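Coordinate analysis (summary)
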Amino acid sequence: MKILLRHILRMCKLRFVRRLQQFILLLFTLALIALLGVYATSNNSLVISVRKIENHTLMPDRELLCPKQLPELWAELNSLNDSYGLYPENVNMKLIKSAIRCAKIIKVETLKVQNSFKWLLTLEGEQKILYKPLLLQKDQRETKCNTGCEHPEYEVTAFVINRLLGFNNMPITTGRQISWFEEIYPVATQDIKSRMKVKNNTDVCFHWKCPYVEGISEFCFRRGIIQGSATVWLNKTVNIFYAYNSTDYQYHDFHYYSRRAIFMQYLQGDNRYCSVFRSIPPYTEDRMFYHVIDMAVIDYMLNNVDQRHTYIIGDDGKTIVNIMIDFGQSLCPTPNTVLGAPIYQCCSIRNSTFKAVYRLRDTLEQEFEKETRDDPLYPLLLPNFFDQIKRQTKELATFLDFCVTHKGLENIIID
Ligand SMILES: Nc1ncnc2c1ncn2[C@@H]1O[C@H](COP(=O)(O)OP(=O)(O)OP(=O)(O)O)[C@@H](O)[C@H]1O
Ligand SMILES: [Mn+2]
């Protein structure tokens, strides 16, 4: 009897242990399934999954990557917020960027405005995109400001920094990699097809003259793989302030570009600079004046001397919405302290911009890395080029230190 009892007890124990094992196994499997589910939904098409195509180039797998509801997504993107910027603050930036990076291209046209080489893409769901292909290697640049081919990776850089500064007034821009053979050729206009020549059966080449560069050069996309910046095209009229007569002024008159003797003199230290600037419409208006200060901040960080005061008309047909575009000539190799003149001479700045400059002085590298790690053009900048931005951000903060010391914090901050 005793033996039987012991035997039954052992059996029960064994079964219990087995049950326990089965139970733990079940729990583990359920947890794994839940984890995979959360992972899949949270990444919802953002997972950078790649497949190798025949020519061994890594390309995004459209099936896995692309958001599905494109027309709705573009509609959300275009729901312009007139007073605060170009897109709603709470926009799902990751989703929109992933849509721009992988949505099927249904049309490619040449865009013949201004100087840089660019195409207008139409993506599935009818969103237009300004696409600037990278023509130069990331380590190539001219020795003079504003000459030579543009660097579209600087457009992506500028967008990230514009957002880190909290401006939200640059059309959304991301890197995109495109295959000439698979994505462009089948939907390109005749003029694009006839301009681009295939060499050695694989490379796609064309001739182009970059501004202020002697002669025409040939550029090739190896194996037809093109990298470039993709910018949301605004369905608005984009206007630029130009000085039409001697009493009109625009942002360029207040910096490096100034060809007006009076401003040159002010830039060289005359302290009437700001009072004159502030007395000229439209800069009598706070909204316009502080936009110039914001432009000076981003231009100083990027050493960009090319930006003009650009705006669109808001949905009400009346409001001016200040925007920022055209940073392809940033990272000018020579220093331009006068680009900071609106900051260190006026010593008046939006509180949000003031705080952002100090924050970025300390955290730019980490924040930039986080925002750009998944970009198809990653790394956007070579380390020594990025160092230039870090250095210029630190200089900007010293201009603000100077203002605080001379005018007092409460007199320089507005909001
Ligand atoms: N996202 C956009 N949406 C609508 N229009 C745009 C957009 N970006 C640029 N444009 C228009 O296209 C013009 C040229 O764009 P952009 O300044 O980027 O070209 P660019 O060739 O780099 O110019 P530049 O030769 O002056 O450097 C702008 O002046 C503006 O009118
Ligand atoms: Mn440009």
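Residues numbered from 1 in each chain as written. Chains lettered and ligands numbered in written order. Predicted model: local features only at pLDDT ≥ 70, side-chain atom pairs only at ≥ 80, totals over all residues. Heavy atoms only, no water.

1. Examining the overall build of the protein chain
Here is the rule we go by: Numbering goes from the N terminus for both helices and strands, where a helix is a DSSP run of H or I of at least four residues and a strand is a run of E of at least two. For the exposure calls, accessible area comes from a 1.4 Å probe over protein chains only, and a residue counts as buried if that area is under 20% of its type's maximum, exposed if over 50%, partly exposed in between. Residue contacts are defined here by distance: any two heavy atoms, one from each residue, within 4.5 Å place the two residues in contact. Here the accessible surface of atoms and residues is derived via Shrake-Rupley with a 1.4 Å probe, and residues count as covered only by protein chains that are part of the display.
Check the secondary structure of the protein chain and you find 14 helices and 15 strands. Expressed as a percentage of the 415 residues in the protein chain, the buried residues total 48%. The long-range fraction of contacts in the protein chain, counting pairs at least 24 apart against all pairs at least 6 apart in sequence, stands at 67%. Element-wise, carbon and sulfur atoms account for 57% of the exposed surface of the protein chain, whose accessible area totals about 21,700 Å².

2. A few points about the coordination of the manganese ion (ligand 2)
Condition: Sites may look incomplete, because water is not among the atoms used; the donor set itself consists of N, O and S atoms within 2.8 Å of the metal (3.2 Å for Na, K and Ca).
Around the manganese ion (ligand 2), the protein contributes the donor atoms Glu150 (OE) and Asp326 (OD), which lie 1.9 Å from the metal centre. Taken together, the residues Glu150 in the loop between strand S5 (127-133) and helix H5 (152-164) and Asp326 in the loop between strand S13 (320-323) and helix H11 (341-346) connect sequence positions 176 residues apart. The exposure class of Glu150 is buried, given its relative accessible area of 14%.

3. Re the packing of aromatic side chains
Selection rule: Two rings from Phe, Tyr or Trp (for Trp, the six-membered ring) form a pair when their centres sit within 6.5 Å of each other. Planes less than 30 degrees apart are called stacked, planes more than 60 degrees apart edge-to-face, and all others tilted. Two conditions define a charge sitting above a ring: the NZ of Lys or the CZ of Arg must be within 6 Å of the ring centre, and it must be within 35 degrees of the ring normal.
Per the counting criterion, the structure on display carries 17 aromatic pairs. Between Phe241 and Tyr311, the ring centres sit 4.8 Å apart and the planes meet at 35 degrees, which makes this aromatic pair tilted. Taken together, the positions of Phe241 in the loop between strand S11 (238-240) and helix H8 (261-267) and Tyr311 in strand S12 (residues 310-313) put the pair 70 residues apart, joining distant regions of the chain. Here Phe241 and Tyr311 have matching classes, each one buried. Taken together, the aromatic side chains of Phe117, Trp119, Tyr131, Trp180, Tyr185, Phe206, Trp208, Phe219 and Phe221 make up a single cluster linked through ring pairs. Just above the ring of Phe385 sits the side chain of Arg141; from NZ or CZ to the centre is 4.2 Å. Sitting over the ring of Tyr185, Lys193 keeps its end group 4.9 Å from the ring centre.

4. Remarks on the environment of Phe241
Of the residues examined, Phe241 reaches a relative accessible area of 18% and is grouped as buried. Through-space distance from the C-alpha of Phe241 to that of His207 is 33 Å; in sequence the pair is 34 residues apart.

5. Considering the site of ligand 1
Filter applied, for reference: Here a residue is considered near a molecule or strand provided that any single heavy atom belonging to it is located within 4 Å of it. In the analysis that follows, any N or O atom pair within 3.5 Å is treated as a polar contact, provided that within protein one partner can donate a hydrogen and the other can accept it, and provided that, for residues neighboring in sequence, both atoms belong to side chains.
As a matter of local geometry, ligand 1 sits amid 18 residues, with Gln114, Ser116, Lys118, Lys132 and Leu234 nearest to it. Side-chain polar atom of Lys132 to an oxygen atom of ligand 1: 2.8 Å apart, as the coordinates give it. At 3.0 Å, a backbone N or O of Val232 approaches a nitrogen atom of ligand 1. Protein chains bury 90% of the 620 Å² of accessible surface belonging to ligand 1 in isolation.

6. Details of the UniProt feature "active site" (unreviewed entry) in the protein chain
Note the following rule: UniProt positions are given in the numbering used here, feature names are shortened, and annotations may be inferred rather than shown by experiment.
This chain's UniProt record puts "active site" (unreviewed entry) on Asp306. According to the relative accessible area criterion, Asp306 is buried, its value standing at 11%. Dropping the residues within four chain positions of it, Asp306 is found in contact with Asn146, His252, Asp326 and Gln329. Within the local environment of Asp306, its side chain forms a polar contact with the side chain of Asn146, the two groups lying 3.3 Å apart.

7. Remarks on the sheet that holds strand S7 (residues 197-199)
We apply this condition: Two strands qualify as a pair provided DSSP detects at least 2 bridges between them. In this analysis an axis means a line fitted to C-alpha atoms, helices contributing only their contacting stretch, and an angle means the value between N-to-C directions, from 0 to 180 degrees.
Pairing within the open sheet is antiparallel, and its three strands lie in the order S7-S8-S9. Both outer strands of the open sheet, S7 and strand S9 (217-221), are each paired with one neighbouring strand and no more. Across the sheet, the mean angle separating the axes of adjacent strands is 40 degrees when strand polarity is ignored. In terms of strand pairing, strand S8 (residues 203-208) meets S9 through five bridges, oriented antiparallel. Among the inter-strand pairings, Val204 is bridged to a residue of S9, identified as Phe221.

8. What about helix H13 (residues 383-407)?
Selection criterion: A helix is expected to span 1.5 Å multiplied by its residue count minus one.
In this model H13 runs 36 Å from its N-terminal to its C-terminal C-alpha over 25 residues, within 8% of the 36 Å that 1.5 Å per residue would give. Every buried residue belonging to H13 is among Phe385, Phe386, Gln388, Ile389, Gln392, Thr393, Leu396, Ala397, Phe399, Leu400 and Cys403, and all of these are buried. For H13, the secondary structure elements touched by its buried residues are H5, helix H10 (286-302), H11, strand S14 (349-350), helix H12 (351-372) and helix H14 (409-412).

9. Some thoughts on the pairing of S12
One ladder, built from three bridges, connects S11 with S12; its direction is antiparallel. Across the sheet, residue Val238 finds its bridge partner in S12, namely Ile312. Pairing between S12 and S13: four bridges, direction antiparallel. Counted as the bridge partner of Tyr311 is Asn322 from S13. In this structure, the hairpin formed by S12 and S13 is closed by a connection of six residues, where Gly317 is found at a positive phi of approximately 80 degrees.

10. Observations concerning the nonpolar core
Note that soluble globular proteins tend to have their nonpolar side chains buried in a common cluster. Here is the rule we go by: Nonpolar cores were defined as sets of buried Ala, Val, Leu, Ile, Met, Phe, Trp, Tyr and Cys residues, with membership established by side-chain atoms within 4.5 Å.
Core analysis: the biggest nonpolar cluster contains 112 residues, and Trp119 and Leu165 have the highest contact counts within it. Ranked by residue count, the leading element in this core is H10, at twelve residues. If we skip the residues at most four places from it in the chain, Leu165 touches Val297, Ile298, Met301, Ala356, Val357 and Leu360.

11. Quick word on the sheet that holds strand S10 (residues 225-232)
Taking strand neighbours across the sheet as the criterion, the five strands line up as S3-S4-S5-S10-S6 in an open arrangement whose pairing is antiparallel. One side of each edge strand has no neighbouring strand; the edge strands of this open sheet are strand S3 (105-110) and strand S6 (173-179). Adjacent strand axes in the sheet meet at a mean angle of 35 degrees when their direction is disregarded. As judged from the five bridges shared by S3 and strand S4 (residues 119-123), these two strands associate in the antiparallel manner.

12. Some remarks on the state of the cysteines
Inclusion rule: The term disulfide is used for any two cysteine sulfur atoms that are within 2.5 Å.
What the rule picks out here adds up to six disulfides. The disulfide that involves Cys274 links it to Cys346, with 1.7 Å between the sulfurs. Here Cys274 and Cys346 share a disulfide; its torsion about the S-S bond, -115 degrees, makes the bridge left-handed. One end of the pair, Cys274, is in helix H9 (residues 273-279); the other, Cys346, is in helix H11, with 72 residues separating them in the sequence. The buried category is assigned to Cys346, whose relative accessible area is 7%. When the bonded cysteines of the protein chain are counted from the start of the sequence, the pairing works out to 1-2, 3-9, 4-6, 5-7, 8-10, 11-12.

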